[in-house]
Amino acid sequence: MAITDRQTATLALAHALSAAERGLPVFPLSATKLPALRSPHHDEDPPVQCRGACGLPGHGVHDATTDPAAIRALFAAAPRATGYGIACGRAPHRLIGIDLDIDTTHGNDSVAALQHLALQHLFTIPATVTVLTPSGGRHLWLTGHSGVPVPNSASRLAPGIDVRGAGGYLVGPGSVTTHGRYRLAPGTAHLSPAPCPRALLRLLTPPPRPHRSSGRATPARQGEGLVQFVRAAHEGQRNTRLFWAACRAYEHGFGDALADALTDAALSTGLTEQEARAAIASAARLTAPRRTP
């Protein structure tokens, strides 16, 4: 491994240990922002649904810990880690991440959208830990409440606003990815994560959907609508529409069954198969906690 790689891995471990000292559970990430350790169940057939109960590392966010010795062991097993993830929804902070993407190409202003929500629902966006992303976006760190799990979501609040909650994770400041470094915004390093305003928390935790009778739309009909939604995308909308549709499909439990049809629809709009599969895989990862038995 090159010297610079060793230095990056050493710094990632140092940042992860520092975060753990603040009560934030962490685990190693690769430069792609994915867990750096391969699942011990990778080659098992049928796939094993395991959240670390087997006692082996390689379970992504379920490896997250605040124990310094365990963190060092995880990073020792992942020598090419260049960053670290922070598990959301876990005690004591029950961290909630508000991910504000910057999308000037499509004219989405997520910061303005959040401010509009604040005015509309009468809450103030508190001063809190803010992490600047390599793409120009930012992550706001907020704390939740015991017994109020916040689900992960993508652009549900508004275009460009993603939420990291229970079962999700944030890329920690100091991490290095293929697109650059995550860093604390000036003036926020001394802050602690602020409590999530109650009005915003209500928006983040929508009530459960009422039971639908068999006479309503079936998954097949819902899936057909999502596929047509992707097929109707114009240039500049293709990735956004595909990702949104895939998230909805996985949230409703039929994402894997619809993946091929969504891919075909995306190909018809001009995306490559690699681009389409990558977007669908991202949607699957983001919504996985909501569909895990």
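Here, the structure is the one placed above.
Analysis parameters
Residues numbered from 1 in each chain as written. Predicted model: local features only at pLDDT ≥ 70, side-chain atom pairs only at ≥ 80, totals over all residues. Heavy atoms only, no water. Helix = DSSP H or I, 4+ residues; strand = E, 2+ residues; numbered from the N terminus. Buried < 20%, exposed > 50% of the residue type's maximum accessible area, 1.4 Å probe, protein only. Contact = heavy atoms within 4.5 Å. Polar contact = N/O pair within 3.5 Å; in protein donor to acceptor, adjacent residues only side chain to side chain. Core = buried A, V, L, I, M, F, W, Y, C linked by side-chain atoms within 4.5 Å. Pairing = 2+ DSSP bridges. Axes fitted to C-alpha atoms, helices over the stretch in contact; angles between N-to-C directions. Expected span 1.5 Å × (residues − 1). Arc of directions from axis to C-beta.

Q: Whenever I open this one, the overall build of the protein chain confuses me. Can you help?
A: Scanning the protein chain for helices and strands turns up eight helices and 14 strands. Among the 293 residues that make up the protein chain, the fraction classed as buried is 43%. Pairs at least 24 apart in sequence give 72% of the contacts found in the protein chain among residues at least 6 apart.

Q: I keep staring at the environment of histidine 190 and nothing clicks. Help me out?
A: Note that histidine 190 resides in the loop between strand S13 (183-184) and strand S14 (194-195). Along the backbone, histidine 190 and threonine 128 are 62 residues apart, and their C-alpha atoms lie at a distance of 9.2 Å. Separated by 3.4 Å, the side chain of histidine 190 and the backbone oxygen of glycine 187 make a polar contact.

Q: It is not clear to me how the nonpolar core should be interpreted in this structure. Could you clarify?
A: Soluble, globular proteins show a tendency: their nonpolar side chains are buried together. Counting 30 residues, the largest nonpolar core has Val26, Ile71, Phe75, Tyr84, Ile86, Leu95 and Trp141 as its most contacted members. Taken together, the elements giving at least two residues each to this core come down to helix H1 (3-21), strand S1 (26-29), helix H2 (68-77), strand S2 (83-87) and strand S10 (169-171). For this core, the element with the highest residue contribution is H1, accounting for six residues. Among all residues touching isoleucine 86, those that are not within four sequence positions of it are Leu24, Pro25, Val26, Phe27, Leu95, Trp141, Gly168, Tyr169, Leu170, Gly172 and Pro173. Counting 23 residues, the second-largest nonpolar core is a separate cluster that includes Val227, Val230, Ala259 and Leu262.

Q: Just checking my understanding: could you explain the sheet that holds S2 for this structure?
A: Whenever strands of a sheet pair, they do so through backbone hydrogen bonds, lying parallel or antiparallel. Pairing is antiparallel across the open sheet formed by three strands, whose spatial order is S1-S2-S10. Unpaired on one side and paired on the other, S1 and S10 mark the two borders of the sheet. Across the sheet, the mean angle from the axis of one strand to that of its neighbour is 35°, orientation sign disregarded. Pairing of S2 with S10 involves three bridges; the strand directions are antiparallel. Each residue of the ladder has a partner; that of isoleucine 86, found in S10, is leucine 170. Here H2 sits on the sheet and contacts S1 and S2; the angle it forms with S1, its principal contact strand, is near 10°.

Q: Looking at this structure, I do not really get the pairing of strand S7 (residues 138-143). What am I missing?
A: Two faces make up the sheet, and in a regular strand the side chains alternate between them. Among the six residues that make up S7, five are buried, leaving the element largely enclosed by the rest of the structure. Of the strand pairs in this sheet, strand S6 (residues 130-132) and S7 are connected by three bridges, and their pairing is antiparallel. Bridged to threonine 130 within S7 is leucine 140. Linkage of S6 to S7, two consecutive antiparallel strands, is achieved through a turn of five residues, within which glycine 136 is found at a positive phi near 100°. Taken together, the two bridges between S7 and S14 define a ladder with parallel strand orientation. The residue of S14 that forms the bridge with threonine 143 is proline 195.

Q: Can you help me understand helix H3 (residues 110-121) in this one?
A: Structurally, the α-helix is built with 3.6 residues per turn, so residues lying three or four positions apart point the same way. Over its 12 residues, H3 runs 16 Å from end to end, which matches the ideal 16 Å to within 8%, given 1.5 Å per residue. Within H3, burial applies to Ser110, Ala113, Leu114, Leu117 and Ala118. The buried residues of H3 all sit within an arc of 145° when viewed along its axis, so they share a single face. You can read the cap of H3 off the contacts: a side-chain oxygen lies 3.3 Å from the backbone nitrogen of valine 111, and it is on aspartate 109.

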